[in-house]
Amino acid sequence: MDQQAELKRLRDELDLVNADLLELINKRGEIAVEIGKVKRAQGLDRYDPVRERQMLESIAENNHGPFETGRLQHMFKEIFKASLELQGEDRTRKLLVSRKQKPTNTIIRVGDDVIGDGSQQLIAGPCAVESEEQVFEVAAQLAKHGVRFMRGGAYKPRTSPYDFQGLGLEGLKMLKKAADAHNLHVITEIMTPSAVESALPYVDIIQVGARNMQNFDLLKEVGRTNKPVLLKRGLSATLEEFMYAAEYIMASGNDQVILCERGIRTYERATRNTLDISAVPILKQETHLPVMVDVTHSTGRKDILLPTAKAAYAVGADAVMVEVHPFPALALSDANQQLDFKEFDAFVENLTSTFPALNVQ
Ligand code: PEP
Ligand code: MN
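For every chain, the first residue of the written sequence is number 1, and numbering continues from 1 onward in sequence order. For naming, the first written chain is A and the first written ligand is 1, with later ones following in the order written. It should be noted that, the model being predicted, local features are given only for residues of pLDDT at least 70 and side-chain atom pairs only at 80 or more, the latter also being counted only at that level, while totals for whole chains, interfaces and linings use all residues. Each side-chain value is worked out from all heavy atoms of the structure, with water and hydrogens disregarded.

Q: Help me understand the pattern of salt bridges in this model?
A: For this analysis, a salt bridge means a side-chain nitrogen from Lys or Arg found within 4 Å of a carboxyl oxygen belonging to Asp or Glu. For the structure shown, the criterion picks out 20 salt bridges. Across the pair Asp163 and Arg158 runs a salt bridge, and its minimum N-O distance is 3.9 Å. Arg158 sits in the partly exposed class, given a relative accessible area of 23%. With a shortest N-O distance of 2.6 Å, Asp318 and Lys284 are connected by a salt bridge. Highlighted residues: Asp318 in the loop between helix 11 (305-314) and strand 10 (319-323) and Lys284 in helix 9 (residues 279-286), separated in sequence by 34 residues. For each residue, the accessible area found with a 1.4 Å probe, counting protein chains only, is set against the maximum for its type, and the residue is called buried under 20%, exposed over 50%, and partly exposed in between. A relative accessible area of 4% places Asp318 in the buried class. By relative accessible area, Lys284 is classed as buried at 17%. Linked by salt bridges that have partners in common, Glu6, Arg9 and Glu13 make up one network. Segments assigned H or I by DSSP are reported as helices when at least four residues long, segments assigned E as strands when at least two residues long, and all are numbered from the N terminus.

Q: How should the coordination of the manganese ion (ligand 2) be read in this particular structure?
A: Angles at a metal have ideal values that depend on geometry: 109.5 degrees with four tetrahedral donors, 90 or 180 degrees with six octahedral donors. Only nitrogen, oxygen and sulfur atoms within 2.8 Å of the metal, or 3.2 Å for Na, K and Ca, are treated as donors, and water is left out, so sites may look incomplete. The protein atoms that coordinate the manganese ion (ligand 2) are Cys127 (SG), His297 (NE2), Glu323 (OE) and Asp334 (OD), at distances spanning 1.9 to 2.3 Å. Between consecutive donor residues of the manganese ion (ligand 2), the sequence gaps follow C-x169-H-x25-E-x10-D. Placement of the pair is Cys127 in the loop between strand 3 (121-125) and helix 4 (132-144) and His297 in helix 10 (residues 295-299), with a sequence separation of 170 residues.

Q: Explain the side chain of Glu261 to me, please; I cannot follow it from the model alone.
A: Looking at the element boundaries, Glu261 is found in strand 8 (residues 257-261). There is a polar contact of 2.8 Å between the side chain of Glu261 and the backbone nitrogen of Gly263. A 3.5 Å cut-off defines polar contacts: any pair of N or O atoms within that distance qualifies, except that in protein one atom must be a possible hydrogen donor and the other a possible acceptor, and neighbouring residues in sequence count only when both atoms are side-chain atoms. In terms of polar contacts, Glu261 uses its side chain to reach the backbone amide nitrogen of Asp276, at 3.0 Å. Any two residues whose heavy atoms approach within 4.5 Å are treated as being in contact. If sequence neighbours within four positions are ignored, Glu261 has contacts with Arg233, Thr274, Leu275, Asp276, Ala279, Met292, Val293 and Asp294.

Q: Help me out: how do you make sense of the nonpolar core in this one?
A: Nonpolar side chains in soluble globular proteins tend to end up buried together. To form a nonpolar core, buried Ala, Val, Leu, Ile, Met, Phe, Trp, Tyr and Cys residues must be joined to one another through side-chain atoms within 4.5 Å. Leu122, Leu231, Leu259, Val322, Phe344 and Phe347 are the most contacted members of the largest nonpolar core, which totals 68 residues. Here this core takes 7 residues from helix 8 (residues 239-251), the largest share from any one element. Core analysis: the next-biggest nonpolar cluster, separate from the first, contains 13 residues, Ile108, Val110, Ile123 and Ile187 among them.

Q: What is the right way to read the environment of Gly146 from this model?
A: Relative to the helices and strands, Gly146 is located in the loop between helix 4 and strand 4 (149-151). Put simply, Gly146 and Arg46 are 100 residues apart on the chain and 48 Å apart in space, counted from C-alpha to C-alpha.

Q: Help me understand unusual backbone geometry, please; the structure alone is not making it clear to me.
A: What is expected of a backbone is that most residues other than glycine have negative phi and most peptide bonds are trans. A cis amide bond links Gly65 to the next residue, Pro66, at an omega of 10°. Within the fold, Pro66 resides in the loop between helix 2 (49-62) and helix 3 (69-86). Even without a glycine there, the phi angle at Asn183 is positive, about 55°. With respect to the element layout, Asn183 can be found in the loop between helix 5 (168-181) and strand 5 (185-189). A residue is classified by how much of its surface remains accessible, and Asn183, at 52% relative accessible area, is exposed. Despite not being glycine, Asp334 has its phi angle at roughly 50°, a positive value. Inspection of the secondary structure assignment puts Asp334 in the loop between strand 10 and helix 12 (341-354).

Q: Would you explain the site of ligand 1 in this entry?
A: Being near a molecule or strand, for a residue, comes down to having at least one heavy atom within 4 Å of it. Taken together, the neighbourhood of ligand 1 is formed by Arg151, Lys156, Pro157, Glu189, Gln207, Gly209, Ala210, Arg211, Lys232, Arg262 and His297. At a separation of 2.7 Å, an oxygen atom of ligand 1 approaches a polar side-chain atom of Arg151. Exposure was quantified through the Shrake-Rupley algorithm and a 1.4 Å probe, taking into account, for residues, occlusion by the shown protein chains and nothing else. Surface burial for ligand 1 is 96%, taken as the share of its 290 Å² of free accessible area covered by protein chains. Its residues placed into classes, the shell around ligand 1 shows 2 nonpolar, 3 polar and 6 charged. For this scheme, ten residues count as nonpolar: Ala, Val, Leu, Ile, Met, Phe, Trp, Tyr, Cys and Pro. Four count as charged, namely Asp, Glu, Lys and Arg, and the remainder, Gly too, count as polar.

Listed below in structure tokens is the structure:
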């Protein structure tokens, strides 16, 4: 047989295989639709990730090539997805963070204090723990206003390796001591999975910073603790990515997650980041988790902390975070945007007159 004839024969054979595949895929679709009907009649969700994984594993077991298993699994996943679409299934329904999955608000309780119950909280404290004296002064100032949650970084994610990196565990102990002296709860950032366990005795709420939003090992590790997690939105994370990051924590067993909008990178340079205020109502709609706004890191400037905090509470934020320092000009990080005590007094006074539900005075 000459080469042209051979090519034609092979192509004819391929056409027949294509036709078979087409028929089989559609047959699969018909069966999937029937399964969907049975499941619906039983009140079951149609998307079943465990079953999907079993089917993918079976592909791995039975594959004799020449296609690579990963390649084939990818193709089959597309077929599974298309089948679900035929069933009219919405995959997000199955997410643990989804409000479709759990219609009631998740409420975070720390001692007698609550985030996410409809009251509004203020979280304040220095950017970084710098000394015992500094955190004691700030704690007293917060207590004076009835603030219940004190933030402060002991492990600092700094852009430059030559900038102040935080006092580490020693700083965390100082923060805890100052908070205890004024009966406040501690919120602090942990940057690595290996630092989680040693920090636990000193922390009430673990913060995962923007730069670590997709540090999946860290998300899993904090997900294995029984402390609430304050998860910040990544510097350029979409809301979908943000929600999936929270899903990692919940899928690891921890359902106490607070989502924090802290500004995203845009072309605008008037603020350090662009506060995506619409993220708040969208996250409240899409998830059942408490949502808060960090006005300090989103704006990076003192003069608009008050209006942005008002905007946050007005759109339904459960809490606002703001940085306070006894002498901002001398601060070892974020010197430009931390409030001094007088400015903090005015900030709180103005907010409480606008939002009576705010849990400060
Ligand atoms: C912080 O809150 O201390 C901080 C570093 O914020 P972000 O991770 O949002 O930049
Ligand atoms: Mn800061």
